[in-house]
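Results of the structural survey
Spelled out, the chains give:
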Amino acid sequence: MSAHAGATRPPPAPALPEPGAGSRTTPIAGLGFLCLVVVLSACTPAGDSRQHATPPADSAAPSTGAGVGGPPCTPPVDTLSAPPAGYRLVGEDVAVPDAPVLAAEGSGEADPAARLFAKWGLVVRAGMVVDLRVAPGWQDKARLGWGGTRPPAPTVTVHACAPEGGQAQWMAFVGGTWVARAGCVPLIVTSNGKNDRVNLGIGVPCDKTATP
């Protein structure tokens, strides 16, 4: 545990919003849906020494083959009709946790920039390819990874291939953020040629002076 491991973990959220609700960084709320919170809290990213959970058997999981004209599909842990409650939109195609603090624990990674790990699920609109990177000034302080990305890196690409039939509108990916020390980590999300920035409190809450 880090010195900040006592931070309160965000409580499971019991509701799902209708798709498209909210502004760029507006908290999402809506209809009842517990699955994603349970699944994401039970899973760990590839390479983590803790136990892995099996994705739900009834999920409409997409192919992990190469998309047409794009990178290979990133393996999801779940498929959703909308982002879950307790998440906020970043731009139009990505949702991240709205909790003020994401609890961080010792990761066991050799990389000094990945000493602590905060596990959280990334939610991406089906059919989209998004790039996520730590903001300038944080390349040697933080790492990212979802869908089995190894080793964690300053920049990752997530390809949320749509499932056959297109039933699901969003894909959930297990992973999170690694940091050298607890802090307010700024991420840049790129989708459809647009950049959006979001700050995440890893081990400590964010404030207006915590990021470079």
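Preceding this section is the structure that the text describes.
Note that the structure is predicted; figures quoted are calculated from it, not measured. (Residues numbered from 1 in each chain as written. Predicted model: local features only at pLDDT ≥ 70, side-chain atom pairs only at ≥ 80, totals over all residues. Heavy atoms only, no water.)

From N to C terminus, the protein includes one helix and 15 strands. With the model as given, the accessible surface of the protein reaches about 9600 Å², and the carbon-plus-sulfur share is 55%. (Helix = DSSP H or I, 4+ residues; strand = E, 2+ residues; numbered from the N terminus. Areas by Shrake-Rupley, 256 points an atom, 1.4 Å probe, with all protein chains shown as cover.)

What follows is about the sheet that holds strand β6 (residues 105-106). With antiparallel pairing, the four strands of this open sheet are ordered in space as β6-β7-β13-β10. The open sheet has two free edges, formed respectively by β6 and β10 (142-146), since each of these has just one partner strand. (Pairing = 2+ DSSP bridges.)

Counting across every chain of the model gives three salt bridges. We note a salt bridge from R88 to D98, for which the minimum N-O separation is 3.5 Å. Of the two residues, R88 is situated in strand β4 (residues 87-90) and D98 in the loop between β5 (94-97) and β6; the sequence distance between them amounts to ten residues. Looking at R88, the relative accessible area reads 15%, which means it is buried. (Salt bridge = Lys/Arg side-chain N within 4 Å of Asp/Glu carboxyl O. Buried < 20%, exposed > 50% of the residue type's maximum accessible area, 1.4 Å probe, protein only.)

Bridge count between β6 and strand β7 (residues 116-119): two bridges; the pairing is antiparallel. Bridging across to β7, E105 finds its partner in F117. In this sheet, strand β13 (residues 175-179) lies alongside β7 in antiparallel orientation, the contact comprising four bridges. If you follow A118 over to β13, its bridge partner there is T177.

We now examine the environment of R115. Here R115 lies in the loop between β6 and β7. On the accessibility criterion, R115 (46% relative accessible area) is partly exposed. Sequence separation of R115 and V179 is 64 residues, and the distance between their C-alpha atoms is 5.9 Å. Residue contacts for R115: discarding those within four places in its chain leaves E105, G106, S107, G108, V179, A180 and R181. (Contact = heavy atoms within 4.5 Å.)

One finds L122, V124, L132 and W146 to be the most contacted residues of the largest nonpolar core, which totals 32 residues. It is strand β9 (residues 128-134) that contributes the most residues to this core, four residues altogether. Leaving out residues up to four positions away in the same chain, W146 has contacts with T74, W120, G121, L122, L132, V156, V158, F173, V174, G175 and G176. (Core = buried A, V, L, I, M, F, W, Y, C linked by side-chain atoms within 4.5 Å.)

Counted by the stated rule, this structure contains two aromatic pairs. Each ring, one from F117 and one from W178, has its centre 4.5 Å from the other, and the planes form 35°; the classification is tilted. Of the two residues, F117 is situated in strand β7 and W178 in strand β13; the sequence distance between them amounts to 61 residues. Residues F117 and W178 agree in their burial class; the two are buried. (Phe/Tyr/Trp six-rings, centres within 6.5 Å; stacked < 30°, edge-to-face > 60°.)

The next subject is the state of the cysteines. Think of a disulfide as a covalent bridge from one cysteine sulfur atom to another cysteine sulfur atom. Taken as a whole, this structure holds two disulfides when the rule is applied. Each sulfur of the disulfide joining C73 and C161 lies 1.9 Å from the other. Handedness of the C73-C161 disulfide follows from its S-S torsion of about -90°: it is left-handed. With C73 in the loop between α1 (35-42) and β3 (78-80) and C161 in the loop between β11 (155-160) and β12 (170-173), this pair connects stretches of sequence that are 88 residues apart. When its relative accessible area of 8% is taken as the criterion, C73 is described as buried. A disulfide bridge connects C184 with C206, and the sulfur atoms are separated by 2.0 Å. Looking along the S-S bond of the C184-C206 disulfide, the torsion reads about 100°, which is the right-handed sense. Of this pair, C184 sits in strand β14 (residues 183-191) while C206 sits in the segment after β15 (194-202); the two residues are 22 residues apart in sequence, bridging distant segments of the chain. Classification of C206 as partly exposed rests on a relative accessible area of 29%. Here the bonded cysteines of the protein are numbered in sequence order, and their pairing is 1-2, 3-4. (Disulfide = S-S within 2.5 Å.)

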